[in-house]
Amino acid sequence: MSGPTSLYKIALRFSSSSTAKVISPLCSGRVSFRLHQISRCLISTTTSNMAPINGPTADRYDYICIGGGSGGVASSRRAASYGKRVALIEATPRLGGTCVNVGCVPKKIMWHAADLADRLRHASDGYHFVTTPDPKFVWATFKPQRDAYIRKLNQIYDNNLDREHVEHHQGSARLISADSVEVTRPDGQKYSLHADHITIAVGGRPTIPSEEKIPGASLGIDSDGFFALEDQPRRVAIVGAGYIAVELAGVLNSLGSETHLIIRHDKVLRSFDNTMQDTLTPWMEHTGIKIHKHSNVVRVEGEKGKTLTVSTDKGVIEVDCLIWAIGRHANTDGLGLEDVGVKVDKKGDVIVDEYQNSVVKNIYAIGDVQGKALLTPVAIAAGRRLSNRLFGPEKFKHDKISYENIPTVVFSHPPIGTVGLTEAEAVRLYGKDVKIYKSAFRSLYFSQIDEAHKEPTVYKLIVVGEEERIVGVHMIGQGSDEALQGFAVAVKMGARKQDLDDTIAIHPTSAEELVTMR
Ligand SMILES: Cc1cc2nc3c(=O)[nH]c(=O)nc-3n(C[C@H](O)[C@H](O)[C@H](O)COP(=O)(O)OP(=O)(O)OC[C@H]3O[C@@H](n4cnc5c(N)ncnc54)[C@H](O)[C@@H]3O)c2cc1C
Ligand SMILES: NC(=O)C1=CN([C@@H]2O[C@H](COP(=O)(O)OP(=O)(O)OC[C@H]3O[C@@H](n4cnc5c(N)ncnc54)[C@H](OP(=O)(O)O)[C@@H]3O)[C@@H](O)[C@H]2O)C=CC1
Ligand SMILES: N[C@@H](CCC(=O)N[C@@H](CSSC[C@H](NC(=O)CC[C@H](N)C(=O)O)C(=O)NCC(=O)O)C(=O)NCC(=O)O)C(=O)O
């Protein structure tokens, strides 16, 4: 919808002197608005973009969220749903934070592209499709389309805030007292906002080794840089063994780049269950990823965007692109934490208790900045529950999230889904009371595919005690990403092995193997 002519589509039904009912396609149906917001909504229907507010509109707010990512957006929207006066401050011009802009969303889109590439190969090699000439992925035209989708999400987020009466302030925030935040606008102007409650939701950013530690390290890029690549690198080296290294290596390899993975030890995903590590590491190698084990980068030479020579303590690799994926750290620089007494741990993550309270009364931290379980649904759940507790009805007086049994998926090829304890953790906690059920098989999908390309599927259940309570579910194989959510509910409810056995299988699926294990 564009241009002033579209204004006729908006019907205003004034229901009181201060609020009106607005019906607008962009504003998602019938919603209640304060009058000062109607003008913004009208503007948005002509420009499709909300302008952030650039100064205080109240002497005091009930709530301020610093950071417009998953946690900050979710928490501020929930607080506003209780009728509170809420301001959200985002430093960049784009709402949505890491997940929407340089994380889950573009990553999953790239994973889908890579998955399609694998399936196209299966289609011709196993399923007798004629696919000539060879299908080709064109990164250079796909990337702008992916970016356009992200821009659309940015706008949806802006509209959501506006619709739900959350004030969106664009600028860099700094705490100046326990109830005040200074906002530095993009034009350098500063103003202050005051609130009864303040939440720090500034997330984190990728870690890159210093030039002193590894000369030439800055010739590499990080995951943000990966999403900015306009062209597919022909040869790439990725450093790291965690989620991001594994996911990006899988995407690039499936899409046809010569992919090197440089890891310090001999397996990827070392914090995951050993069966997942032992299945994925050799499979990645089998699919063509060159894993350089027990290797540390010591020097990088060359020119960014051209050929890079990556020297490790084991040899030399020549590539077009080097990606650091060695972890992330909290975005707390210049946030004024030390000035107001908010404490951080050795790694720089904000220290909070189980209710997300920092050591300073009425200042809280949620999401990646508090260093535990760096996942979008965790940031969202923590943010919503915090607002429930602060502003919601009596039944939410003690609302908080549990950091136990958080399900998580690694979008590798094939994907890994996991919830609960690893075998090593379970044995540490329960000793001889631990029993393992394991099933390794080939999904029916691969029955038509030649032996060399049959992906592995391995499921593992970790149970404890006589009642065989399930304390861990670990799955690797096609479809594990989608299958896990339901099993995570069962684990959360305290399911026993017998409960799975009592559930009738769905045939023929991979997931049925979890309810027929012996
Ligand atoms: C490549 C990649 C892939 C990922 N894939 C997944 C996945 O598949 N599933 C999953 O669950 N999680 C995934 N994650 C993790 C997920 O993105 C994060 O856990 C989530 O975004 C954390 O949300 P947050 O609100 O804590 O922080 P963020 O989303 O990082 O938001 C913080 C916001 O605060 C803003 N900010 C920072 N400093 C200031 C300041 N001083 N003033 C104002 N604003 C400020 C930032 O600009 C940012 O917008 C992925 C992460 C990466 C990097
Ligand atoms: N699918 C999802 O849900 C995703 C979630 N995320 C979230 O984002 C977080 C950050 O991701 P990521 O950056 O991959 O971090 P991770 O913590 O997952 O992994 C980083 C790994 O890099 C290795 N490493 C650390 N330092 C060095 C170093 N100096 N040199 C070489 N290797 C090093 C370590 O493995 P080792 O000790 O074995 O060497 C470490 O485990 C994840 O923990 C996850 O919570 C990110 C992407 C996807
Ligand atoms: N599960 C679907 C994803 C669908 C989805 O949630 N898409 C989002 C973008 S994903 S990424 C953005 C991420 N959203 C989510 O993680 C969705 C959370 C779940 N639906 C819920 O509400 O709890 C987030 O940061 N949320 C904070 C917040 O919204 O408060 C979207 O299109 N949203 C449009 C809209 O909302 O109108 C899939 O994987 O395909």
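Refer to the structure presented above.
The rules behind these values
Residues numbered from 1 in each chain as written. Chains lettered and ligands numbered in written order. Predicted model: local features only at pLDDT ≥ 70, side-chain atom pairs only at ≥ 80, totals over all residues. Heavy atoms only, no water. Helix = DSSP H or I, 4+ residues; strand = E, 2+ residues; numbered from the N terminus. Rg over C-alpha atoms; globule rule 2.2 N^0.38 Å. Buried < 20%, exposed > 50% of the residue type's maximum accessible area, 1.4 Å probe, protein only. Contact = heavy atoms within 4.5 Å. Areas by Shrake-Rupley, 256 points an atom, 1.4 Å probe, with all protein chains shown as cover. Lys, Arg positive; Asp, Glu negative; His and termini not counted. Charge placed at Lys NZ, Arg CZ, Asp CG, Glu CD. Disulfide = S-S within 2.5 Å. Pairing = 2+ DSSP bridges. Axes fitted to C-alpha atoms, helices over the stretch in contact; angles between N-to-C directions. Near = heavy atom within 4 Å. Polar contact = N/O pair within 3.5 Å; in protein donor to acceptor, adjacent residues only side chain to side chain. Nonpolar A, V, L, I, M, F, W, Y, C, P; charged D, E, K, R; others polar.

## Description of the overall build of the protein
Move 1: Helix and strand content of the protein: 13 helices and 24 strands.
Move 2: Taking 24 Å as the expected radius of gyration for a compact globule of 518 residues, we find that the protein reaches 25 Å, a close match to that expectation.
Move 3: Counting over 518 residues, the protein shows a buried share of 49%.
Move 4: Across the protein, the fraction of contacts at a sequence separation of at least 24, relative to all contacts at a separation of at least 6, is 62%.
Move 5: Only carbon and sulfur atoms are counted for the fraction: they give 53% of the accessible area of the protein, which is about 24,200 Å².
Move 6: The centroid of the 62 positive side-chain charges in the protein is displaced by 4 Å from the centroid of its 60 negative side-chain charges.

## Some thoughts on the side chain of S412
Move 1: Residue placement: S412 occurs in the loop between β20 (408-410) and β21 (416-420).
Move 2: If near-sequence neighbours (up to four positions away) are discounted, S412 is found in contact with W111, V246 and L280.

## Remarks on the state of the cysteines
Move 1: Overall, the coordinates contain one disulfide when judged by the stated rule.
Move 2: C99 provides the cysteine sulfur closest to C65, a residue in no disulfide bond, and the two sulfurs are 17 Å apart.
Move 3: Look at C65 and you get buried, because its relative accessible area is 0%.

## Re the pairing of strand β15 (residues 308-312)
Move 1: Summarising burial for β15: four of the five residues are buried, a large majority.
Move 2: Bridging between strand β14 (residues 297-302) and β15 involves five bridges; their strand directions are antiparallel. Looking at the pairing, R299 lines up with S311 of β15.
Move 3: Counted along the chain from β14 to the antiparallel partner β15, the turn is five residues long, and its residue G305 has a positive phi close to 85°.
Move 4: As judged from the four bridges shared by β15 and strand β16 (residues 316-319), these two strands associate in the antiparallel manner.

## Examining unusual backbone geometry
Move 1: Following T132, the chain continues into P133 via a peptide bond in cis, with omega recorded as -5°.
Move 2: By the element assignment, P133 lies in the loop between α4 (104-125) and α5 (139-163).
Move 3: That bond from H507 to P508 is cis: its omega, -5°, falls within 30 degrees of zero.
Move 4: Here P508 lies in the segment after α13 (497-501).
Move 5: In this structure, E468 takes a positive phi of about 55° despite not being glycine.
Move 6: Note on placement: E468 falls in the loop between β23 (457-464) and β24 (469-476).

## Some points on the sheet that holds β16
Sheet strands pair by backbone hydrogen bonding; their relative direction is either parallel or antiparallel.
Move 1: Read across the open sheet, the three strands follow the order β14-β15-β16; overall the sheet is antiparallel. Looking at the sheet topology across the chains shown, the edges are occupied by β14 and β16. Across the sheet, the mean angle separating the axes of adjacent strands is 20° when strand polarity is ignored.

## Brief notes about the site of ligand 3
Move 1: Lining the immediate surroundings of ligand 3 are 14 residues, of which S70, R77, I156, Y157 and R384 lie closest.
Move 2: Between ligand 3 and S70 there is a distance of 3.0 Å, counted from an oxygen atom to a side-chain nitrogen or oxygen.
Move 3: In the complex, the protein chains occlude 49% of the 850 Å² of accessible area that ligand 3 would expose alone.
Move 4: The set of elements that each furnish at least two residues to the shell around ligand 3 consists of α2 (70-81), α3 (97-102), α5 and α10 (376-391).
Move 5: Of the residues belonging to the shell around ligand 3, the class tally is nine nonpolar, three polar and two charged.

## Some details on the site of ligand 1
Move 1: Taken together, 36 residues surround ligand 1, and among them G71, E90, T98, K107 and D368 come closest.
Move 2: Within the backbone of A173, a nitrogen or oxygen atom sits 2.9 Å from a nitrogen atom of ligand 1.
Move 3: Here an oxygen atom of ligand 1 sits 3.0 Å away from a polar atom, N or O, in the main chain of T376.
Move 4: For ligand 1, the accessible surface in isolation is 1,000 Å², of which the surrounding protein chains cover 90%.
Move 5: Residue assignment for the shell around ligand 1 shows that the elements contributing at least two residues are α2, β5 (86-90), α3, α4, β7 (172-177) and α10.
Move 6: The element that contributes the greatest number of residues to the shell around ligand 1 is α3, accounting for four residues.
Move 7: Per-class residue counts for the shell around ligand 1 are 17 nonpolar, 15 polar and four charged.

## With respect to the pairing of β16
Move 1: Burial of the side chains of β16 is restricted to one face: I317 and V319 are buried, whereas none of V316 and E318 on the reverse face is.
Move 2: Counted between consecutive antiparallel strands, the loop separating β15 from β16 contains three residues.

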